[in-house]
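Residue-level structure breakdown
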Amino acid sequence: MKPVIDAVVKLVNTIRSRGLTHRKFRDFLQSVLSEYSDVLYYTEVRWLSAGCVFERVWQLKDDIVSFFHEKQCSAECEMLEDTE
């Protein structure tokens, strides 16, 4: 379970930690008329929210993959594309 947590936290932090990337991601979600407008932020202090963060990432999986492919940064979302 730890590798999955680390991969999701890294992905969320990649989106949320850079202001420009975060704004572009929110704009991207609006342009594709996504149900959600943002990913949830996760830190170890808020460990109880881990389930909500994973659920949101799973629901936005296709949009996140499309966003990173559009930016030519597919290395960040390899975990989401892995079928296993």
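First, a word on what this report is: a plain description of the structure on this page. (Residues numbered from 1 in each chain as written. Predicted model: local features only at pLDDT ≥ 70, side-chain atom pairs only at ≥ 80, totals over all residues. Heavy atoms only, no water.)

In terms of regular secondary structure, the protein is built from five helices and zero strands. Order of helices (α) and strands (β) in the protein, N terminus to C terminus: α-α-α-α-α. For the protein, buried positions account for 32% of its 84 residues. Expressed as a percentage of contacts within the protein between residues at least 6 apart in sequence, the contacts between residues at least 24 apart total 53%. (Helix = DSSP H or I, 4+ residues; strand = E, 2+ residues; numbered from the N terminus. Buried < 20%, exposed > 50% of the residue type's maximum accessible area, 1.4 Å probe, protein only. Contact = heavy atoms within 4.5 Å.)

Residue position: Thr-21 is located in helix 2 (residues 19-31). Among the residues examined, Thr-21 registers a relative accessible area of 8% and is labelled buried. With residues up to four places along the chain from it excluded, the contact list for Thr-21 reads Thr-14, Ile-15, Phe-67 and Lys-71.

Once that is clear, we can look at the nonpolar core. Of all hydrophobic cores here, the largest spans 19 residues; its most connected members are Phe-25, Val-39, Val-57 and Ile-64. Of the residues forming this core, the biggest block, five residues, is contributed by helix 1 (residues 2-17). For Ile-64, the residues in contact, after removing those within four places along its chain, are Leu-11, Ile-15, Phe-25, Val-39, Val-57 and Leu-80. (Core = buried A, V, L, I, M, F, W, Y, C linked by side-chain atoms within 4.5 Å.)

Here the focus is the packing of helix 1 against helix 2. Their axes nearest at 5 Å, the elements helix 1 and helix 2 cross at an angle of 95°. With respect to each other, helix 1 and helix 2 are oriented roughly perpendicular. From helix 1, Thr-14, Ile-15, Arg-16 and Ser-17 reach across to helix 2, where they touch Gly-19, Thr-21, His-22 and Phe-25. Looking at side-chain class alone, the contact of helix 1 with helix 2 contains two nonpolar, five polar and one charged residues. (Axes fitted to C-alpha atoms, helices over the stretch in contact; angles between N-to-C directions. Parallel < 35°, antiparallel > 145°, perpendicular 65-115°, else oblique. Nonpolar A, V, L, I, M, F, W, Y, C, P; charged D, E, K, R; others polar.)

Attention now goes to the packing of helix 1 against helix 3 (residues 50-59). Relative to each other, helix 1 and helix 3 sit at 70°, their axes nearing to 11 Å. Put simply, helix 1 runs roughly perpendicular to helix 3. The hand of the helix 1/helix 3 crossing is left-handed. Contacts between helix 1 and helix 3 involve Val-4, Ile-5, Val-8, Leu-11 and Val-12 from the first element and Val-53, Phe-54 and Val-57 from the second. Considered class by class, the residues forming the contact of helix 1 with helix 3 number eight nonpolar, no polar and no charged. (Left-handed = near helix turned anticlockwise from the far one by under 90°.)

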